[in-house]
Amino acid sequence: MSQVTYIGLGSNLGDSQSIMAEAFYKLASLGAVKASKLYHSPPMGPQDQPHYHNAVVQLVTDLAPLDLLDQLQNFEQESGRVRLRHWGERTLDLDLLLYAQEQIQNERLTVPHVGVLERDFVLLPLLDLDPHLQINGLNLQDTNVVKQSNLTVLVDESWVNI
Ligand code: ROI
């Protein structure tokens with residue numbers, strides 16, 4: 001059965017826009033995809049690292065959560081993923097943010113993703129894809145994090161072309 005899922009993309013090492021576009025095309029092999037705008041955001045964590053490129057992809061897929069996670073981890077590795085330190089710079093992060101309405105908690109996966117509601121670089125792109133999206137009954141539009149965000153849009157949805 002097809003499920004609506006949301007994947008967070010982040011990068012602040014290498015040619016981030018190309019790396020993320022490449023990841024988008026790989027995600028398209030798993031189901032129907034739609035991309036948010038592409039944002040530039042100051043680092044959460046150590047401040048002596050470059051700003052991030054961030055975006056979210058909506059993926060409608062038949063894959064079960066852990067099978068999807070396996071694919072995301074494969075794609076991260078294929079991108080030549082480098083992670084220099086905890087909460088530090090990385091080539092590509094692919095985070096499973098939401099999987100339908102499911103709450104998942106096991107040793108490999110927590111869904112909704114930890115910290116989603118505190119991160120403007122996740123919430124704004126989610127709202128590009130679904131302006132009425134709710135998490136745990138909370139309307140994302142109404143959160144202070146969204147209202148007070150000052151993320152920069154780098155490119156509209158055309159950063160990927162299918
Ligand atoms: N900060 C921003 N702005 N964007 C990210 O994608 C991101 N990812 C991370 C940490 C290190 C928490 N900081 C981030 O993993």
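Predicted model only: the values in this text are computed from it and were never measured. (Residues numbered from 1 in each chain as written. Predicted model: local features only at pLDDT ≥ 70, side-chain atom pairs only at ≥ 80, totals over all residues. Heavy atoms only, no water.)

**As for the overall build of the chain**
Okay, step 1: Secondary structure summary: the chain contains four helices and ten strands in total.
Okay, step 2: Counting from the amino terminus, helix and strand elements in the chain follow one another as β-α-β-β-β-α-β-β-β-α-β-β-α-β.
Okay, step 3: Here the C-alpha radius of gyration of the chain, 15 Å, is about what a compact globule of 162 residues would show, namely 15 Å.
Okay, step 4: Principal axes of the C-alpha set define a box for the chain whose edges measure 40 × 35 × 35 Å.
Okay, step 5: Taking all 162 residues of the chain together, 48% fall into the buried category.
Okay, step 6: Excluding contacts between residues fewer than 6 apart, the proportion of contacts in the chain whose partners are at least 24 apart in sequence is 69%. (Helix = DSSP H or I, 4+ residues; strand = E, 2+ residues; numbered from the N terminus. Rg over C-alpha atoms; globule rule 2.2 N^0.38 Å. Buried < 20%, exposed > 50% of the residue type's maximum accessible area, 1.4 Å probe, protein only. Contact = heavy atoms within 4.5 Å.)

**So, the packing of aromatic side chains**
Okay, step 1: Summed over all chains, the structure comprises two aromatic pairs.
Okay, step 2: Residues Phe24 and Tyr25 carry aromatic rings whose centres are separated by 5.7 Å and whose planes lie at 80 degrees to one another, so their mutual orientation is edge-to-face.
Okay, step 3: Overall, Phe24 belongs to the buried group, its relative accessible area being 1%. (Phe/Tyr/Trp six-rings, centres within 6.5 Å; stacked < 30°, edge-to-face > 60°.)

**Considerations on helix H1 (residues 16–27)**
Okay, step 1: Helix length check: H1, at twelve residues, gives a terminal C-alpha distance of 16 Å against a target of 16 Å (1.5 Å per residue), a fit within 8%.
Okay, step 2: Against strand E1 (3–11), strand E2 (32–35), strand E3 (38–41), strand E4 (52–61), helix H2 (65–78) and strand E5 (93–99) lie the buried residues of H1. (Expected span 1.5 Å × (residues − 1).)

**Concerning the side chain of Thr61**
Okay, step 1: Tracing the chain through its elements places Thr61 in strand E4.
Okay, step 2: Exposure remark for Thr61: the relative accessible area of 2% places this residue in the buried category.
Okay, step 3: Here Leu30 takes part through its backbone oxygen, which lies 2.9 Å from a polar atom of the side chain of Thr61.
Okay, step 4: Not counting residues up to four positions away in its chain, the partners in contact with Thr61 are Met1, Ser2, Gln3, Thr5, Leu30 and Leu68. (Polar contact = N/O pair within 3.5 Å; in protein donor to acceptor, adjacent residues only side chain to side chain.)

**Observations regarding the pattern of salt bridges**
Should the charged atoms of two oppositely charged side chains come close, the side chains can pair.
Okay, step 1: In total, this model carries seven salt bridges according to the counting rule given.
Okay, step 2: The partner of Arg81 in a salt bridge is Asp93, with the nearest N and O atoms 2.9 Å apart. Separated by twelve residues along the polypeptide, Arg81 in the loop between H2 and E5 and Asp93 in strand E5 bring together distant segments of the chain. Here Arg81 and Asp93 have matching classes, each one buried.
Okay, step 3: Between Arg85 and Glu89 there is a salt bridge, with its nearest N and O atoms 2.8 Å apart. (Salt bridge = Lys/Arg side-chain N within 4 Å of Asp/Glu carboxyl O.)

**Comments concerning the pairing of E4**
One face of the sheet, then the other: side chains in a regular strand alternate in exactly this way.
Okay, step 1: Of all ten residues that make up E4, nine are buried, and the element is covered over most of its length.
Okay, step 2: As paired strands, E1 and E4 are joined by nine bridges and run antiparallel to one another. Looking at the pairing, Gly10 lines up with Asn54 of E4.
Okay, step 3: In terms of strand pairing, E3 meets E4 through three bridges, oriented antiparallel. Bridge pairing links Ser41 to Tyr52 in E4. (Pairing = 2+ DSSP bridges.)

**What about the layout of surface pockets?**
Okay, step 1: In this structure, the largest pocket occupies an estimated 810 Å³ of space.
Okay, step 2: Along the walls of the largest pocket sit 34 residues, with Arg90, Asp93, Asp95, His113 and Arg119 positioned nearest its centre.
Okay, step 3: In terms of residue count, E5 provides more of the lining of the largest pocket than any other element does, five residues in total.
Okay, step 4: Here the lining of the largest pocket is built from residues that sort into 17 nonpolar, nine polar and eight charged.
Okay, step 5: Space inside the second largest pocket adds up to approximately 220 Å³.
Okay, step 6: What lines the second largest pocket is a set of 15 residues, among which Leu98, Ala100, Gln101, Leu133 and Gln134 lie closest to the centre.
Okay, step 7: Its residues placed into classes, the lining of the second largest pocket shows eight nonpolar, five polar and two charged. (1 Å grid on protein atoms, 1.4 Å probe; cavity = no way out; pocket = protein on both sides within 12 Å on 5 of 7 lines; lining within 4 Å. Points joined across faces, edges and corners; volume = space filled by probe spheres on them. Nonpolar A, V, L, I, M, F, W, Y, C, P; charged D, E, K, R; others polar.)

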